[in-house]
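Coordinate inspection notes
Chain by chain, the residues:
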Amino acid sequence: MGGFRFFFTLLGLTLRRLRLLPLAGLVLLCCLLPGLLGAGAEAALSQGAAFSGLQLALTAPEGDGVPAILEKYLNNMEDVRQYCQISAMDYDSALAALEEGRAAAVLALPEGFIRTVQQGGEPEVRLIVDSRRPLEGALALWVGQSASDLLAAVQAGIYAVLDAYDAAPPPGLSRDRVVTEINMQYVQWVLRRHTLFRPESLSPTESLPIAVHYRLSLLWFLVLSLAPLFAWNFQGAWPAAQARLRWAGRSPLWGYAASLAACGLTAAACVFPALALWTGEASLSLAAASLLCGAFFAAYAALCGTATKTAAGCGGLSLLLSLGTLALSGGIVPPALLPEALRRLIPLSPAAWLRSLTAEFLGFPGMAHSRILLLFSAVLLACMAVPLYSHRVRGQEARL
């Protein structure tokens, strides 16, 4: 019997024994539980985080029409509407709205606000917040600081132009005309400022949506935790059978390769239906990615099985390793909340490689070189387990 024929015979024997495992239950677990946890994580991390914009009451001395003008123009600016809604009110009504919670803050403009800004002056604007609502107050202060920075940039430009005019006034050009034209230029700049910025959505899970991030993280945690179910491939009677085959001149590495192939195919059979269900398609590229992930799992399970003597020991080691790599990948605490030092280690986590590879099939960007890293790691782990497996077979052989 040739070496490859012998390999396929052992592979068939191993797969027939694997049929005793509740494979259908494992597939169902990998399909349903990650989806439920992903939805739950999204609800938990998004609870109370919906933001419809601050309600800002704008007031000025009686008879001043500036608040009404600013309400009209600012509420028509799309980027401003995303975080702030302006309401023009008289001073007493604005304070009442703040007290009742209908406004997050009151912005009180001084008399002659527009004229002071046009002349490059610094108007004294008051921002009134409610100390009982510190979060809304902090957001209102941020909005006010942003507006102040924008106003300071405008004033700096006005000062520069007026200084240049005062140093050498051009003939036939009055100072009032200079003030009007430079302010019109800055008004146009403010109205077109959206062309200078790029909007970006922030998520605690960074590149992936919350539900997808935790769905894939749990999927790979479950798969990596299945290692003790395959421990018998590398412990107990199976290596003992390989030891007997040595008397027939067969290398134990054929049995080791058959066990790796059986573990990899079984893992791929668990992963592929879940990914096909989530993506809505069953393509060859998806099958190839599932096989690559299965190969990594097989090498991981082989190392856990050969490094321990019992299925319980394999389960304990596998649980520690899978939890560690899950935590390092940001699968427990969201990446945005991890310390900077740990966040830099995310690209070194196998769980992050697995999540990245499968996220690409869901239409999201993945990490660079995740396929190469998984393939290299699978080969490295499988090679590390070879001397341990051979030592175990030799130990069984000595008992015969």
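Preceding this section is the structure that the text describes.
Parameters at a glance
- Residues numbered from 1 in each chain as written.
- Predicted model: local features only at pLDDT ≥ 70, side-chain atom pairs only at ≥ 80, totals over all residues.
- Heavy atoms only, no water.
- Helix = DSSP H or I, 4+ residues; strand = E, 2+ residues; numbered from the N terminus.
- Buried < 20%, exposed > 50% of the residue type's maximum accessible area, 1.4 Å probe, protein only.
- Contact = heavy atoms within 4.5 Å.
- Areas by Shrake-Rupley, 256 points an atom, 1.4 Å probe, with all protein chains shown as cover.
- Pairing = 2+ DSSP bridges.
- Axes fitted to C-alpha atoms, helices over the stretch in contact; angles between N-to-C directions.
- Parallel < 35°, antiparallel > 145°, perpendicular 65-115°, else oblique.
- Left-handed = near helix turned anticlockwise from the far one by under 90°.
- Expected span 1.5 Å × (residues − 1).
- Polar contact = N/O pair within 3.5 Å; in protein donor to acceptor, adjacent residues only side chain to side chain.
- Salt bridge = Lys/Arg side-chain N within 4 Å of Asp/Glu carboxyl O.
- Phe/Tyr/Trp six-rings, centres within 6.5 Å; stacked < 30°, edge-to-face > 60°.
- Core = buried A, V, L, I, M, F, W, Y, C linked by side-chain atoms within 4.5 Å.
- Patch = residues over 30% accessible without salt bridge, like charges linked within 9 Å, V, L, I, M, F, W, Y side chains within 5 Å.
- Nonpolar A, V, L, I, M, F, W, Y, C, P; charged D, E, K, R; others polar.

Observations regarding the overall build of the protein
- Within the protein, the regular secondary structure consists of 16 helices and four strands.
- Put simply, the protein has 400 residues, and 40% of those count as buried.
- Of the contacts formed within the protein by residues at least 6 apart in sequence, a portion of 73% connects residues at least 24 apart.
- Put simply, the protein shows about 21500 Å² of open surface, and 65% of that area lies on carbon and sulfur atoms.

Looking at the environment of Leu224
- Along the chain, Leu224 turns up in helix α9 (residues 210-224).
- Sequence separation between Leu224 and Leu326 is 102 residues, and the spatial gap between their C-alpha atoms is 9.9 Å.

Overview of the pairing of strand β1 (residues 54-59)
- Burial analysis of β1 places five of its six residues in the buried class, the great majority of the element.
- Sheet topology note: the β1/strand β3 (residues 105-108) ladder contains four bridges and is parallel. The residue of β3 that forms the bridge with Thr59 is Ala108.

Quick word on the sheet that holds strand β2 (residues 84-88)
- Spatially, the four strands line up as an open sheet ordered β2-β1-β3-β4, and their pairing is mixed. Across the chains shown, the open sheet's two edge strands, defined by having one partner strand only, are β2 and β4 (126-129). In this sheet, neighbouring strand axes are inclined to one another by 25° on average, regardless of whether the strands run parallel or antiparallel.
- Sheet contacts for helix α5 (residues 91-100): β1, β3 and β4; angle to β4, the most-contacted strand, approximately 35°.

What about helix α15 (residues 350-360)?
- Of all 11 residues that make up α15, nine are buried, and the element is covered over most of its length.
- The set of residues buried in α15 consists of Ala351, Ala352, Trp353, Leu354, Arg355, Ser356, Leu357, Thr358 and Ala359.

Side note on the packing of helix α12 (residues 284-307) against helix α13 (residues 311-328)
- It is at 8 Å that the axes of α12 and α13 come closest, and there the two elements cross at 135°. Relative to α13, the element α12 lies oblique. You can see that α12 and α13 cross each other, and the crossing is right-handed. Facing Tyr300, Cys304, Gly305 and Ala307 of α12, the residues of α13 in contact are Cys314, Leu317, Ser318, Leu321 and Ser322.

Overview of helix α11 (residues 252-279)
- In this model, α11 (28 residues) spans 40 Å end to end at C-alpha, consistent with the 40 Å of a helix rising 1.5 Å per residue.
- One or two residues past the end of α11 sits Gly280, with phi positive at roughly 80°.

Side note on the side chain of Thr306
- Structurally, Thr306 is set in helix α12.
- At 3.3 Å, the side chain of Thr306 and the backbone oxygen of Leu303 are in polar contact.
- If we skip the residues at most four places from it in the chain, Thr306 touches Phe234, Ala385, Leu388, Tyr389 and Arg392.

Things to note about the pattern of salt bridges
- Considering all chains together, one arrives at four salt bridges under this definition.
- Its salt-bridge partner being Arg343, residue Glu340 comes within 2.5 Å of it at the nearest N-O pair. A residue pair is termed a helical-turn pair when its members lie 3 or 4 positions apart in one helix, as Glu340 and Arg343 do in helix α14 (residues 340-343) at three residues.
- Relative accessible area serves as the criterion here: at 40%, Glu340 is assigned to the partly exposed category.
- Between Glu360 and Arg371 there is a salt bridge, with the nearest N and O atoms lying 3.0 Å from each other. With Glu360 in helix α15 and Arg371 in helix α16 (residues 370-399), the pair connects residues that are 11 residues apart, well separated along the chain.

A look at the packing of aromatic side chains
- Overall, the coordinates contain two aromatic pairs when judged by the stated rule.
- Consider the rings of Phe230 and Phe297, whose centres lie 5.6 Å apart with planes at 75°: the pair is edge-to-face. In this pair, Phe230 is assigned in the loop between α9 and α10 (237-245) and Phe297 in helix α12, connecting sequence segments 67 residues apart. Each member of the pair, Phe230 as well as Phe297, is classed as buried.
- Ring geometry for Tyr256 versus Tyr389: centroids 5.1 Å apart, planes at 45°, classification tilted. Placement of Tyr256 in helix α11 and of Tyr389 in helix α16 is noted, with a sequence separation of 133 residues between them.
- Note on Tyr389: relative accessible area 0%, which makes it buried.

Thoughts on the nonpolar core
- Ranked by size, the top nonpolar core spans 47 residues in total, and within it Leu216, Leu219, Tyr256 and Phe297 carry the most contacts.
- If one sorts the elements of this core by residue count, α12 sits on top with 13 residues.
- Listed in part, the 13 residues of the second largest apolar core include Leu56, Ile86, Ala105 and Phe113.

A word on a nonpolar patch on the surface
- Residues Leu319, Leu323, Ile332, Val333 and Leu337 make up a contiguous nonpolar surface patch of about 420 Å² in total accessible area.
- Along the chain, the position of Leu319 falls in helix α13.
- The exposure class assigned to Leu319 is partly exposed, which follows from its relative accessible area of 42%.

Brief notes about the packing of α9 against α11
- Viewed as axis vectors pointing N to C, α9 and α11 meet at an angle of 170°, and their least axial separation amounts to 12 Å. Of the possible angle classes, the one that applies to α9 and α11 is roughly antiparallel. Contacts between α9 and α11 involve Arg215, Leu216, Leu219, Trp220 and Val223 from the former and Val271, Ala274, Leu275 and Trp278 from the latter.
- Of the residues belonging to the contact of α9 with α11, the class tally is eight nonpolar, no polar and one charged.

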